[in-house]
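Structural overview for review
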Amino acid sequence: TDSGAEVETYRLDDRLYPKDLPPVLGDGCILLYVNYFGLCQKNVHKLLQHIPSAQLIVDNSQALFSPPTDALATIYSVRKFVGVPDGGLLISRGVEIERPENEDTFSIERMRHLFLRMAHSARDGYSSYVEAENTLNDTRPLRMSRLTQRLLASIDMAGVKRQRRANFLLLTELINEHNSWHWTLESDAVPLCFPLVVDWDVADLKKALIKKNIYIPNYWNEAKARIYPNTVEHRLMQCCLAVPCDQRYTSDQLSYLAEMIISFINAQRMNGVL
């Protein structure tokens, strides 16, 4: 909305594909589609079969490793996948994008929460994380900082891909029996997380995990005002536990996490809550 464009939202079906799209998008209209959890590349290809590529922008902020398509533009967020303070990527087709003149020079200040998390815990780094997020509210484009570029150059991206996929598959073995949605990990997919979707509000489960110093991220809080009950979007916000599967976690840590989740579910069922 900062661009001044008029925004109209659409609904999703249970495959996270846009519902009730018009047969033809109007002149000047562009569809923005999110590759949810890095697991919806099939939907991107399906959209390209139904709308002109010049009218599609793919938001791959949750799908760093999904390759760009013939869409007008593809957007990536590196900090959701690896330990960098900021920075994104934009790949465009047929549109020449002018590189911003000014460089982001605030990256060092955004590193504090990453250091605190490494040295102590996610709890210790949370307030600094919130402060760092607030500095990104200014959407004026800047060139990626030299610090972020150098950090990215030092990361074993192939190793990140392998570990995330292995962790996702391990979580599938451990907790997928409790999942009401079953995800397919395509051969080239690298997931943001393992989405555990249940038939009840996961708020109490998140609180129970926090007591064990396990923090589960919340997504799309800004969308609450426009979400209707009993919709796919409502389930994603209220009934989805975005279980981390990133490269920092070992199989032992994920097994412990899965054990905590299953223990909570079993206790709730025993008490007649679920």
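Rules used in this analysis
Residues numbered from 1 in each chain as written. Predicted model: local features only at pLDDT ≥ 70, side-chain atom pairs only at ≥ 80, totals over all residues. Heavy atoms only, no water. Pairing = 2+ DSSP bridges. Helix = DSSP H or I, 4+ residues; strand = E, 2+ residues; numbered from the N terminus. Axes fitted to C-alpha atoms, helices over the stretch in contact; angles between N-to-C directions. Core = buried A, V, L, I, M, F, W, Y, C linked by side-chain atoms within 4.5 Å. Buried < 20%, exposed > 50% of the residue type's maximum accessible area, 1.4 Å probe, protein only. Contact = heavy atoms within 4.5 Å. Patch = residues over 30% accessible without salt bridge, like charges linked within 9 Å, V, L, I, M, F, W, Y side chains within 5 Å. Areas by Shrake-Rupley, 256 points an atom, 1.4 Å probe, with all protein chains shown as cover. Salt bridge = Lys/Arg side-chain N within 4 Å of Asp/Glu carboxyl O. pLDDT = per-residue confidence, 0-100.

Side note on the sheet that holds strand 2 (residues 56–60)
- One open sheet holds the four strands; their spatial order is 1-2-3-4, and the pairing between them is mixed. The sheet is open, and its two borders are formed by strand 1 (31–34) and strand 4 (88–92), each paired with just one other strand. Across the sheet, the mean angle from the axis of one strand to that of its neighbour is 15 degrees, orientation sign disregarded.

A look at the nonpolar core
- With 51 residues, the main nonpolar core has Leu16, Phe37, Leu209, Val243 and Ile261 as its most contacted residues.
- In terms of residue count, the dominant contributor to this core is helix 8 (residues 251–270) (seven residues).
- The residues contacting Leu209, other than those within four sequence positions of it, are Ile214, Ile216, Leu241, Leu257, Met260 and Ile261.
- Formed by twelve residues, the second largest nonpolar core is a distinct cluster that contains Phe65, Val78, Val84 and Val160.

Some words on a nonpolar patch on the surface
- On the surface, Leu32, Ile75, Leu90, Val95 and Ile97 cluster together into a nonpolar patch covering about 400 Å² of accessible area.
- Looking at the secondary structure, you find Leu90 in strand 4.

Some words on the confidence of the model for the chain
- Of the residues in the chain, 91% have a pLDDT of 70 or more, and the chain-wide mean is 90.
- Helix 3 (residues 122–134) is the least confidently modelled element of the chain, averaging 62 in pLDDT, while strand 5 (residues 193–197) averages 98, the highest of any element.

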